[in-house]
Amino acid sequence: MKPRICAHALATAIFAAFAFPAAAQDMQKIEVAGAKVDQRREETAASIIVSGRDLQRQGDRTLADVLKRVAGVSIGTGGGKGSEIRMRGLGNGYTQILLNGVAAPQGFAVESLAPELIEKVEILRSASAELGTQAIAGTINIVLRKSAPRARQEGKLGLDALAGGLYPKLSPNVSWQASDKGDGYSYTVAATANRSAAPVSRVEYETVTAPDGALPLSRVSPQRDTNVSRTASIAPRVSWNRRDDTVSVQSFLNLYERSMGVEAHETVLAGAPSQYPSHDRMVVLRGALLRNDLSWQRALESGARWEAKLGFTVNPRSSDFDFHTLAGSARSPALKVVHADIGELAATFSGKYQLPLGGGHALAIGWDSGHTRRTQTREEQDYTSGMAYDERHRGVVKRVALYAQDEWELGRGWSLSAGVRWEALETAVATASALQPADAIVQRSPVLSPVLQSLYKLSAQRQFRLGLARTYKAPTMAELIPRRYTTDNNNSATNPDTQGNPRLRPELAWGLDAGYDHYFGKDGLFSASAYARRIDAVTQPLLFREGGRWIRMPSNAGRADARGVALEAKTALSDAWSLRGNLARNWSRVADVPGPDNRLDRQAPFSLNAGADWQALPSLKMGADFNYERGARTQLSATEASAAGSVRKLDLYAVWQLDGATRLRAGALNLLRRDMTGWDSVLVAEGVQRLATRTAASPTLRVGLERNW
């Protein structure tokens, strides 16, 4: 990571945190009081709101830990690149992830975002003309900390201990929050820092099964992975009021470093060994994410309102990789060395005008634009072949959207939201060697998306929603840039190189959503929802051979249909006991892939969560959560298939209120210690090649101390 970039990012965030409050001392003081609105209950569009109280309830360390308990949301592995948030069992870009209403940058990891930095999380099951229609599965909008209504500070210390091995692996963390308000201004600052150590034991089983059942190839490779990450984040926000104007500055800075090492020792049971039976490899990732948003609002006498937001993102990343062979305790000099840099700059400009028209109508007209530029370099020295590689790529994504939306209160408990969004997307990808640049491949994709939502309140406790929307999924820059990620050992049909496809087109979908909510008691809820999607130009992996090597890249392949249902319930049995639970069932079918099991890649067919909270004493609260996700086989093409094993997790927590300002937390995670399993198979000339993995699971003990003043 370049020190100058990090220093500039840190200085900008600190300046936003502390300089603006001082400059706002003399501004007019304006206080607005109002009743708290139940967003989930009152909004026309179907949504789930994860409040700040829900985020803090169990002392979770990351946002992923919180969201895994939400109805219809699951957390996947993200293809080895960190956790991936999925709605309706669909990740890989089908779920739109927003930070303060703006698309999160590529490579954003939910592990890097602590709950202390977040005000709330809005989960929208259907599309929104304002927030965007790149949301085939839905939208998750992460709202960062806003200014508090009073002066407050809070500090937290925590420690995780991962069992396994002779000694537990310790992961400390610390966080701090401060907020205050004065005459015409308010501010809040939240900061976190943590170190995580998570070693993993894994075994790979590789076989080739001939048509007659013989095993011409069988290899077993036990592996030991090391995974150490360091993260520091700060999220300052400053806002001030002057008459009818409100201006706010929201910043988010995240610095991280992650080192991942693998040591493997292969045993051959049949056939030939791989090129490097015993080896180790290490990759070190470093990066910074700086996000700044400047927003302005003006209230007009007619009840109308103007809003505008200007933002920019700076996201440099780098990686260093080296590969060695092992012979007993001896380690060879590096056989392969790779250095890669990714630089990403993005700017956004959006705004809207809201006008009450009378007769129950409220009109919003707005625009949304963005420009993202990405540069990517890769320098490799392969000492086994004497070859050196120098790859340079660049890509640009331009986006402009116009939308209009009418919120109409029809009366008698019926409201309607009708909108339309026109969005034009242009992608340009160019590849250049050190000597000869190449022309850019440019693609333009305009999308017109009507959005219709309705809410009908059968009574004060019962309501029904129905929605119809046109949505799409744009390819990411990583999917477009044709950089080759080569395997360091044993390139095969089940372990191919990967690369992007600059001619990849957006996926287009029509979607229908329906939901029913029944509220009862103080906090009781029963909810049922269903959805259906028809997706065109669906993205599927394409496996082929070129120059003697296996390669996989994304490609557009016909139509897919997806549908599903979800149930959610929570209730208080007494003043001391409360229960909550949810389940989701998903189905999908890709038309161009022969069945059975021709579902969308990595879609979880079934998930279930159940939890209980017990106020054992006035100062002691305890609880438990069980999480289950059913594994499934997926037919990816006529020759490829994959499968993921089922996941079962049991977590416990307890919190003691030591005094009015101090809390002690304790928790135990993943107590069932269920190993993770999966496999990939490809039909090749010799038979069926299969690579299966089993990853050991270990429980984690957690303690934390919190104090506010």
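**Q** Provide a residue-level description of the overall build of the protein, including the pertinent values.
**A** In terms of helices and strands, the protein carries five helices and 40 strands. Computed over its C-alpha atoms, the radius of gyration of the protein comes to 26 Å, within 12% of the 27 Å expected for a compact globule of 709 residues. Along the first, second and third principal axes, the C-alpha set of the protein runs to 80 × 55 × 50 Å. Residues classed as buried in the protein amount to 50% of the 709 residues present.

**Q** Requested: an account of the pairing of strand 20 (residues 361-382), with residues and values cited.
**A** Pairing geometry for strand 19 (residues 336-358) and strand 20, over 22 bridges, is antiparallel. When the bridges of strand 20 are listed, K352 appears paired with G366. In this antiparallel pair of consecutive strands, strand 19 and strand 20, the connection spans two residues, and G359 shows a positive phi of 70 degrees. Two elements, strand 20 and strand 21 (residues 387-411), share 22 bridges in a ladder whose sense is antiparallel. Bridge pairing links D382 to M387 in strand 21. In textbook terms, the turn of a hairpin is the stretch between consecutive antiparallel strands, and for strand 20 and strand 21 this stretch comprises four residues, one of which, G386, has a positive phi near 75 degrees.

**Q** Just give me the short version of unusual backbone geometry, but keep the residues and values in it.
**A** Cis geometry is adopted by the peptide bond preceding P596, which originates at G595 and carries an omega value of 0 degrees. Although it is not a glycine, N100 sits at a positive phi angle of roughly 55 degrees. In this structure, R673 is a non-glycine residue whose phi angle is positive, near 50 degrees. By the element assignment, R673 lies in the loop between strand 37 (662-669) and strand 38 (676-684).

**Q** Any chance you could break down the sheet that holds strand 29 (residues 549-556) for me, citing the residues and the numbers?
**A** With respect to topology, three strands assemble into an open sheet ordered 25-29-28, the strand pairing being mixed. Looking at the sheet topology across the chains shown, the edges are occupied by strand 25 (497-498) and strand 28 (539-546). Pairing of strand 28 with strand 29 involves eight bridges; the strand directions are antiparallel. Across the sheet, Q540 pairs through a bridge with S555, a residue of strand 29.

**Q** Summarise the pattern of salt bridges; cite the residues concerned and give the values.
**A** In a structure, side chains of opposite charge can pair up when their charged atoms sit close to one another. Taken as a whole, this structure holds 55 salt bridges when the rule is applied. Among the ionic contacts, a cluster of salt bridges with common partners joins E116, R152, E154, K156, R663, R665 and E706.

**Q** Give me the environment of A530: which residues, what numbers.
**A** Tracing the chain through its elements places A530 in strand 27 (residues 524-536). A530 gets classed as partly exposed once you look at its relative accessible area, which sits at 32%. Separated by 36 residues in sequence, A530 and A566 place their C-alpha atoms 6.4 Å apart. Dropping the residues within four chain positions of it, A530 is found in contact with L512, D513, A514, G564 and V565.

**Q** Before we move on, could you go through the pairing of strand 36 (residues 647-657) and cite the residues and values that matter?
**A** Pairing geometry for strand 33 (residues 620-630) and strand 36, over 10 bridges, is antiparallel. Residue F626 lies in a different strand from strand 36, and its bridge partner there is L650. Here strand 36 pairs with strand 37 via six bridges, running antiparallel. Across the sheet, residue Y653 finds its bridge partner in strand 37, namely G667. Here strand 36 hands over to strand 37 after four residues, the two strands then running antiparallel side by side.

**Q** An account of the sheet that holds strand 1 (residues 47-50) is requested, with residue identities and associated values reported.
**A** The strand order across the open sheet built from five strands is 1-6-7-4-5, with neighbouring strands paired in mixed fashion. The open sheet has two edge strands, strand 1 and strand 5 (102-103), and neither has a second partner.

**Q** Describe the packing of aromatic side chains, with residues and values.
**A** Inspection of the entire model under this criterion finds five aromatic pairs. Look at W577 and W614: their rings are 5.4 Å apart centre to centre, the planes differ by 10 degrees, and that puts the pair in the stacked class. Here W614 lies in strand 32 (residues 606-617) and W577 lies in strand 31 (residues 577-590), a separation of 37 residues in the sequence. W614 sits in the partly exposed class, given a relative accessible area of 33%. For the cation-ring pair, R690 lies above W679, with the distance from its terminal atom to the ring centre recorded as 4.2 Å.

**Q** So what's going on with the nonpolar core? Which residues, and what values?
**A** Membership of the largest hydrophobic core comes to 42 residues, with the highest contact counts inside it found for L113, V121, I123, I142 and L600. If you list the elements that add at least two residues to this core, you get strand 1, helix 4 (63-67), strand 3 (84-87), strand 4 (95-99), strand 6 (118-124), strand 7 (138-144), strand 27 and strand 30 (559-572). At four residues, helix 4 tops the list of elements feeding residues into this core. Among residues more than four places away in sequence, those in contact with V121 are I48, I49, V50, L55, L63, L67, I140 and N141.

**Q** So what's going on with the environment of P105? Residues and values would help.
**A** Positionally, P105 belongs in the loop between strand 5 and strand 6. P105 sits in the buried class, given a relative accessible area of 11%. Separated by 209 residues in the primary sequence, P105 and V314 place their C-alpha atoms 9.3 Å from one another. With sequence-adjacent residues up to four places away left out, P105 is seen in contact with L289, R291, T313, N315 and E344.

**Q** Could you give me a rundown of the side chain of K156, with the residues and numbers involved?
**A** Mapped onto the elements of the fold, K156 is located in strand 8 (residues 152-162). Within the local environment of K156, its side chain forms a polar contact with the side chain of Q56, the two groups lying 2.4 Å apart. Apart from residues lying up to four places away in sequence, K156 is in contact with Q56, E116, N173, V174, S175, L705 and E706.

**Q** So what's going on with a nonpolar patch on the surface? Residues and values would help.
**A** Taken together, the side chains of W414, L452, Y456, L458, F464, L466, L468, W510 and L512 define a hydrophobic patch exposed on the protein surface, amounting to about 830 Å² of accessible area. Looking at the nonpolar patch, the elements with two or more residues in it are strand 23 (441-457), strand 24 (462-473) and strand 26 (507-520). Per-element accounting of the nonpolar patch gives the leading share, three residues, to strand 24. Residue position: Y456 is located in strand 23.

**Q** Go over the confidence of the model for the protein, please, and point to the residues and values.
**A** Per-residue confidence for the protein gives a mean pLDDT of 88; residues scoring 70 or more make up 92%. Counting interchain partners and residues more than four positions distant, the pLDDT-below-50 stretch residues 1-35 has 53 contacts. Below a pLDDT of 50 lies the segment residues 433-437, which in the model reaches four contacts outside its immediate sequence neighbourhood of four places, other chains included.

**Q** Tell me about the environment of E116, and name the residues and values.
**A** Along the polypeptide, E116 turns up in the loop between strand 5 and strand 6. When the C-alpha positions of E116 and T95 are compared, they lie 23 Å apart, and in sequence the two are 21 residues distant. Excluding its chain neighbours within four sequence positions, the residues that come into contact with E116 are Q56, R145, K156, S175, Q177, A190 and T192.

Cut-offs applied
Residues numbered from 1 in each chain as written. Predicted model: local features only at pLDDT ≥ 70, side-chain atom pairs only at ≥ 80, totals over all residues. Heavy atoms only, no water. Helix = DSSP H or I, 4+ residues; strand = E, 2+ residues; numbered from the N terminus. Rg over C-alpha atoms; globule rule 2.2 N^0.38 Å. Buried < 20%, exposed > 50% of the residue type's maximum accessible area, 1.4 Å probe, protein only. Pairing = 2+ DSSP bridges. Salt bridge = Lys/Arg side-chain N within 4 Å of Asp/Glu carboxyl O. Contact = heavy atoms within 4.5 Å. Phe/Tyr/Trp six-rings, centres within 6.5 Å; stacked < 30°, edge-to-face > 60°. Lys NZ or Arg CZ within 6 Å of the ring centre and 35° of its normal. Core = buried A, V, L, I, M, F, W, Y, C linked by side-chain atoms within 4.5 Å. Polar contact = N/O pair within 3.5 Å; in protein donor to acceptor, adjacent residues only side chain to side chain. Patch = residues over 30% accessible without salt bridge, like charges linked within 9 Å, V, L, I, M, F, W, Y side chains within 5 Å. Areas by Shrake-Rupley, 256 points an atom, 1.4 Å probe, with all protein chains shown as cover. pLDDT = per-residue confidence, 0-100.

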